[in-house]
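Topology and contacts: notes
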Amino acid sequence: MFIPITAITTLVGVLVMFGAWVFVGSRIRQAHTATLRPVLLLHKFFLHMAIFFLLMWAPHLWITFDPINFSLPMAIGYTFGHIFLYLAFIDIAQMTCVIVPKLASKERLATLVGYALCVVITTINAITMIWGKQPTFDYANNVTLFNAHPIVGASIGILAAVSVLPAAVLFIINAFKSHSTRRVRSLLLGTGFFLLMTAGPLHDVARTSQLYLIADIFSMVSIVLVGIGVVYRLEQSLSLSSPASAKAPAPNAI
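Calculation rules
- Residues numbered from 1 in each chain as written.
- Predicted model: local features only at pLDDT ≥ 70, side-chain atom pairs only at ≥ 80, totals over all residues.
- Heavy atoms only, no water.
- Patch = residues over 30% accessible without salt bridge, like charges linked within 9 Å, V, L, I, M, F, W, Y side chains within 5 Å.
- Areas by Shrake-Rupley, 256 points an atom, 1.4 Å probe, with all protein chains shown as cover.
- Salt bridge = Lys/Arg side-chain N within 4 Å of Asp/Glu carboxyl O.
- Helix = DSSP H or I, 4+ residues; strand = E, 2+ residues; numbered from the N terminus.
- Axes fitted to C-alpha atoms, helices over the stretch in contact; angles between N-to-C directions.
- Parallel < 35°, antiparallel > 145°, perpendicular 65-115°, else oblique.
- Left-handed = near helix turned anticlockwise from the far one by under 90°.
- Contact = heavy atoms within 4.5 Å.
- Nonpolar A, V, L, I, M, F, W, Y, C, P; charged D, E, K, R; others polar.
- Expected span 1.5 Å × (residues − 1).
- Bend = angle between axes of the 7 residues up to and from the residue.
- Core = buried A, V, L, I, M, F, W, Y, C linked by side-chain atoms within 4.5 Å.
- Buried < 20%, exposed > 50% of the residue type's maximum accessible area, 1.4 Å probe, protein only.
- Polar contact = N/O pair within 3.5 Å; in protein donor to acceptor, adjacent residues only side chain to side chain.

**Looking at a nonpolar patch on the surface**
The grouping of Leu-61, Trp-62 and Phe-65 at the surface amounts to a nonpolar patch, some 340 Å² of accessible area in total. Mapped onto the elements of the fold, Phe-65 is located in helix α3 (residues 61-65).

What follows is the structure in C-alpha cells.
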C-alpha cells in the first residue's frame, strides 16, 4: 500500500503545531494578568513551526498529481520552509535567554547571530538544492530523500543544538525539581524538544532511505510529545502572581 510517510509526518506537524499555536493563543487571551514572555515566545515558535511543516508538506501533493515534477517544488518548499524553522530556533534561543537570568544580556546577540545564520544557510541551501541536487521520492520505502548538502545539514544540526538543546535540558531539569502537573508538562516538552532537535537534522544528514524513515518516525513522536506537553494544563502557568516576577521568570513558569 502506497503511504508517503514523510507527507504524513509533515501533515501531523502542521496540525499539531498550528493547533498548539491556536490553543496557547486562546489561553493568552483568557489570562487576566500579565502573561509570561516565555509563553509568548513559545506561541511564536508554534506558528513558525506550523508554517515550516506546511511548506514541507505541500510539495508532496505533486507525488499524487504530477510526480515527474516533484523535485523542484520540494526543493523550493524545503529551502523557504527552513527559513521558518530557523525563526523557530531563534524563538527558543530567546526563550532560554529569558528563562536564565545570566543569559538575559545575550538575547539580542543570539537573535542577531540567528538571523545572520538564517541568511547564510538559506543562500547555501538555495544554491545547492534548487539549482543543485534536488530532493527525490523513494517509492520503495515511501519516504522523501531531501539530499541536502552536507554543509546545510551540519549547519542545521549545529543551530538546533545551540538553540533547542539548552531549552530541552532546562525543561528536563525542571521536571525533576517540580511536582505534579508541572513535572509532567516539563518532561513532555523537554523530551519532545530533544527528539525534535535530533530528528530534524537527521533528515538533513541521512543518506539512506532507512535513516530517513527513522528520522520520520522520531519526528512524529517528538511532534506529538510537544503537542501533549502544551495541552497538558498550560493554563496553570500563563499568569504571573505579581508584576515584579516578570523580570526573571523561573524555568517552571512555562
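**Considerations on the packing of helix α1 (residues 5-30) against helix α2 (residues 37-57)**
It is the contact of α1 with α2, at a shortest axis distance of 8 Å, that shows an interaxial angle of 155°. With respect to their mutual orientation, α1 and α2 come out roughly antiparallel. Taken as a pair, α1 and α2 cross one another with a handedness that is left-handed. Of α2, the residues touching α1 (which contributes Ala-7, Thr-10, Leu-11, Gly-13, Val-14, Met-17, Phe-18, Ala-20, Trp-21, Val-24, Gly-25 and Ile-28) are Val-39, Leu-40, His-43, Phe-46, Leu-47, Met-49, Ala-50, Phe-53, Leu-54, Met-56 and Trp-57. Here the contact of α1 with α2 is composed, by residue class, of 19 nonpolar, four polar and no charged.

**Quick word on the environment of Ile-223**
Here Ile-223 shows up in helix α8 (residues 209-231). Considered as a pair, Ile-223 and Gly-13 are 210 residues apart in the sequence and their alpha carbons are 6.1 Å apart. What Ile-223 contacts, discounting residues up to four positions off in sequence, is Thr-9, Val-12, Gly-13, Val-16, Phe-53 and Leu-196.

**Points about helix α6 (residues 150-177)**
Given a rise of 1.5 Å per residue, 28 residues ought to cover 40 Å, and the 39 Å separating the end C-alpha atoms of α6 matches this to within 8%. The largest bend in α6 comes to about 35°, at Val-164, with the proline Pro-166 one to four residues further on.

**Concerning the environment of Ser-222**
Residue placement: Ser-222 occurs in helix α8. In sequence terms Ser-222 and Leu-189 are 33 residues apart; their C-alpha atoms lie 9.0 Å from each other. Leaving out residues up to four positions away in the same chain, Ser-222 has contacts with Gly-192, Leu-195 and Leu-196.

**Overview of the nonpolar core**
Ranked by internal contacts, the top residues of the largest apolar core, which has 56 residues, are Phe-45, Phe-46, Met-49, Tyr-78 and Phe-193. Secondary-structure elements contributing two or more residues to this core are α1, α2, α4 (71-99), α5 (107-130), β2 (143-145), α6, α7 (180-205) and α8. In terms of residues, this core owes the most to one element, α4, which gives eleven residues. Not counting chain neighbours up to four residues away, the residues in contact with Phe-46 comprise Met-17, Ala-20, Trp-21, Val-24, Val-226 and Val-230.

**Let's talk about unusual backbone geometry**
If you check the backbone angles, Asn-142 has positive phi at about 60° while not being a glycine. Among the secondary structure elements, Asn-142 is positioned in the loop between β1 (136-138) and β2. Judged by relative accessible area, which is 12%, Asn-142 ranks as buried. One non-glycine residue, Asn-147, adopts positive backbone phi at about 55°.

**Here we look at the side chain of Gln-94**
Within the fold, Gln-94 resides in helix α4. Given a relative accessible area of 10%, Gln-94 falls into the buried group. A polar side-chain atom of Gln-94 sits 2.9 Å from a polar atom in the side chain of Thr-111. Beyond its immediate stretch of four places on either side in the chain, Gln-94 contacts Leu-41, Lys-44, Glu-107 and Thr-111.

**A word on the packing of α4 against α5**
Put simply, α4 and α5 touch, their axes get as near as 10 Å, and they point 165° apart. Considering their axes alone, α4 and α5 lie roughly antiparallel with respect to each other. Remark: the crossing between α4 and α5 carries right-handed chirality. Each of Leu-72, Ala-75, Ile-76, Tyr-78, Thr-79, Ile-83, Tyr-86, Leu-87, Ile-90, Gln-94, Cys-97 and Val-98 in α4 lies in contact with α5, whose residues at this interface are Glu-107, Ala-110, Thr-111, Gly-114, Tyr-115, Cys-118, Ile-121, Thr-122, Asn-125, Ala-126, Met-129 and Ile-130. Here the residues of the contact of α4 with α5 sort into 17 nonpolar, six polar and one charged.

**Points about the pattern of salt bridges**
For the structure shown, the criterion picks out two salt bridges. The shortest N-O distance in the salt bridge between Arg-37 and Glu-107 comes to 2.7 Å. With Arg-37 in helix α2 and Glu-107 in helix α5, this residue pair connects regions lying 70 residues apart in the sequence. Look at Glu-107 and you get buried, because its relative accessible area is 16%. Residues Asp-91 and Lys-44 are paired through a salt bridge, measuring 3.8 Å at the closest nitrogen-oxygen approach. Here Lys-44 lies in helix α2 and Asp-91 lies in helix α4, a separation of 47 residues in the sequence. You can call Asp-91 buried: its relative accessible area is 2%.

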